[in-house]
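The primary structure of each chain is shown beneath.
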There are 2 protein chains.
Amino acid sequence: MHKEHTLTKNQQIIFDLIDKSPEPMKAYSILFNVQKKGIKAPLQVYRALDKLVEIGKIHKIESRNAFIACHNSSCQVANATAFSICEVCEKVTEISSVGLSKYLANFKDKDGMKYSKYNLEFFGLCKKCR
Amino acid sequence: MHKEHTLTKNQQIIFDLIDKSPEPMKAYSILFNVQKKGIKAPLQVYRALDKLVEIGKIHKIESRNAFIACHNSSCQVANATAFSICEVCEKVTEISSVGLSKYLANFKDKDGMKYSKYNLEFFGLCKKCR
DNA sequence: TTACATAATGTTATATTATAACAATTTAAT
DNA sequence: ATTAAATTGTTATAATATAACATTATGTAA
């Protein structure tokens, strides 16, 4: 569960937009959508995004340079994320699997090193596109 | 194991450079390094990179926008990749774990869907930086 | 070996993603 | 109230990536 944070004005505006979006949003699409609310510059968007990622309210889909709201209430550790991405329609779904997250958190590399932070992106076809 | 491909001139030049590099290389760093060999434009680099990724000779580190040569000879499926990334020195190592790749290839999401393609990036501190 | 399709190249321009630098303002904790 | 930390606003620019089009090379089948 996330530590509660009071979002600032810009953070709240941008989080609300991403949270309402059915698909991941790109930074400049966000910018375009919040210009009527007074957020005029890319940096204002990126700063809010950085903070929202940091506190775990949103995640970045690295392979797509896009952002989605976190809907994974069982998420114990921020920055331990897994997604499925449809290669046809680009639908992205956050995966919340206790088994998967335990497996990855306990995975040891050949030096015996464990990692609490990771990002996993699965690629395939979603139900609709199959 | 990779299907053998004969690389074209540009692909070979760029692959050799990445292959020799001890760390992931970024596209414009590659461009700078191959200009003396006649590759002058970003697009020439990106086209070679796209092809090299497609045939599995290199991988893209998505969170870093950088490319490394594949040294994972046990890699059965191109585009099923795992890396560890040091958050201090940015050292990147490809992980070749049969257990991990089997686990991920057999992982089923809540719809019962399996994925043969994935990209996993672990973040932490490398041996040196620990 | 010619014809044809496919892939790769070269080139210019431009789109997209992201950060640097600095001043001003707000917020939260003494 | 004072002050440190975080956030905001703003301009400029850096870094990453693709569009569009003309040309050349390569592989394959008649």
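Structure: above.
Reference entry: report on the structure contained in this document. Being a predicted model, the structure only gives us computed values, none of them experimental.

**So, the overall build of chain A**
Then, number 1: Looking only at helices and strands, chain A features four helices and five strands.
Then, number 2: Secondary structure of chain A in N-to-C order comes out as α-α-α-β-β-β-β-α-β.
Then, number 3: Projected onto its principal axes, the C-alpha positions of chain A cover 50 × 35 × 25 Å.
Then, number 4: Every one of the 130 residues in chain A was classed for burial, and the buried ones make up 44%.
Then, number 5: Sequence separation of at least 24 residues holds for 53% of the intrachain contacts in chain A that already meet a minimum separation of 6.
Then, number 6: For chain A, the computed accessible surface area is about 7,400 Å², with 52% contributed by carbon and sulfur atoms.

**Quick look at the protein's contact with DNA strand D**
Then, number 1: Neighbouring residues of DNA strand D: 16 residues in total, closest Thr8, Gln44 and Arg47 of chain A together with Lys26 and Leu43 of chain B.
Then, number 2: Of everything in DNA strand D that lies within 4 Å of the protein, sugar and phosphate atoms constitute 44%.
Then, number 3: Here Gln44 of chain A contributes a side-chain N or O atom positioned 2.5 Å from a phosphate oxygen of DNA strand D.
Then, number 4: In this structure, a phosphate oxygen belonging to DNA strand D sits 3.1 Å away from a side-chain N or O atom of Tyr46 of chain B.
Then, number 5: Residue assignment for the surface near DNA strand D shows that the elements contributing at least two residues are helix H1 (9-20) and helix H3 (42-54) of chain A together with helix H3 (42-54) of chain B.
Then, number 6: Tallied by class, residues from the surface near DNA strand D come to five nonpolar, five polar and six charged.

**Describing the nonpolar core**
Then, number 1: Judged by nonpolar contacts, the single largest core of 22 residues is most densely connected at Leu100, Leu120 and Phe122 of chain A together with Leu100, Leu120 and Phe122 of chain B.
Then, number 2: Listing elements by their share of this core, those giving two or more residues are strand S3 (80-86), helix H4 (98-106) and strand S5 (117-124) of chain A together with strand S3 (80-86), helix H4 (98-106) and strand S5 (117-124) of chain B.
Then, number 3: With sequence-adjacent residues up to four places away left out, Leu120 of chain A is seen in contact with Thr81, Ala82, Phe83, Leu100 and Leu104 of chain A together with Leu104, Tyr118, Asn119 and Leu120 of chain B.

**Some words on the protein's contact with DNA strand C**
Then, number 1: Residues in close proximity to DNA strand C total 16 residues, the closest being Lys26, Leu43 and Lys60 of chain A together with Gln44 and Arg47 of chain B.
Then, number 2: The sugar-phosphate share of atoms of DNA strand C within 4 Å of the protein amounts to 45%.
Then, number 3: Note that a phosphate oxygen of DNA strand C is positioned 2.3 Å from one of the side-chain N or O atoms of Lys26 of chain A.
Then, number 4: One nitrogen or oxygen atom from the side chain of Gln44 of chain B is found 2.5 Å from a phosphate oxygen belonging to DNA strand C.
Then, number 5: Of all the elements in the fold, those that place two or more residues in the surface near DNA strand C are H3 of chain A together with helix H1 (9-20) and H3 of chain B.
Then, number 6: Take the surface near DNA strand C: its biggest share by element is four residues, from H3 of chain B.

**Focus: unusual backbone geometry**
Then, number 1: Backbone geometry places Asn65 of chain A, a non-glycine residue, at a positive phi of 50 degrees.
Then, number 2: Tracing the backbone shows Asn65 of chain A in the loop between strand S1 (58-61) and strand S2 (66-69).

**Observations concerning a nonpolar patch on the surface**
Then, number 1: Judged by side-chain polarity, Tyr28, Leu43 and Tyr46 of chain A come together as a nonpolar surface patch covering roughly 330 Å² of accessible area.
Then, number 2: Mapped onto the elements of the fold, Leu43 of chain A is located in helix H3.

The rules behind these values
Residues numbered from 1 in each chain as written. Chains lettered and ligands numbered in written order. Predicted model: local features only at pLDDT ≥ 70, side-chain atom pairs only at ≥ 80, totals over all residues. Heavy atoms only, no water. Helix = DSSP H or I, 4+ residues; strand = E, 2+ residues; numbered from the N terminus. Buried < 20%, exposed > 50% of the residue type's maximum accessible area, 1.4 Å probe, protein only. Contact = heavy atoms within 4.5 Å. Areas by Shrake-Rupley, 256 points an atom, 1.4 Å probe, with all protein chains shown as cover. Near = heavy atom within 4 Å. Polar contact = N/O pair within 3.5 Å; in protein donor to acceptor, adjacent residues only side chain to side chain. Nonpolar A, V, L, I, M, F, W, Y, C, P; charged D, E, K, R; others polar. Core = buried A, V, L, I, M, F, W, Y, C linked by side-chain atoms within 4.5 Å. Patch = residues over 30% accessible without salt bridge, like charges linked within 9 Å, V, L, I, M, F, W, Y side chains within 5 Å. Salt bridge = Lys/Arg side-chain N within 4 Å of Asp/Glu carboxyl O.

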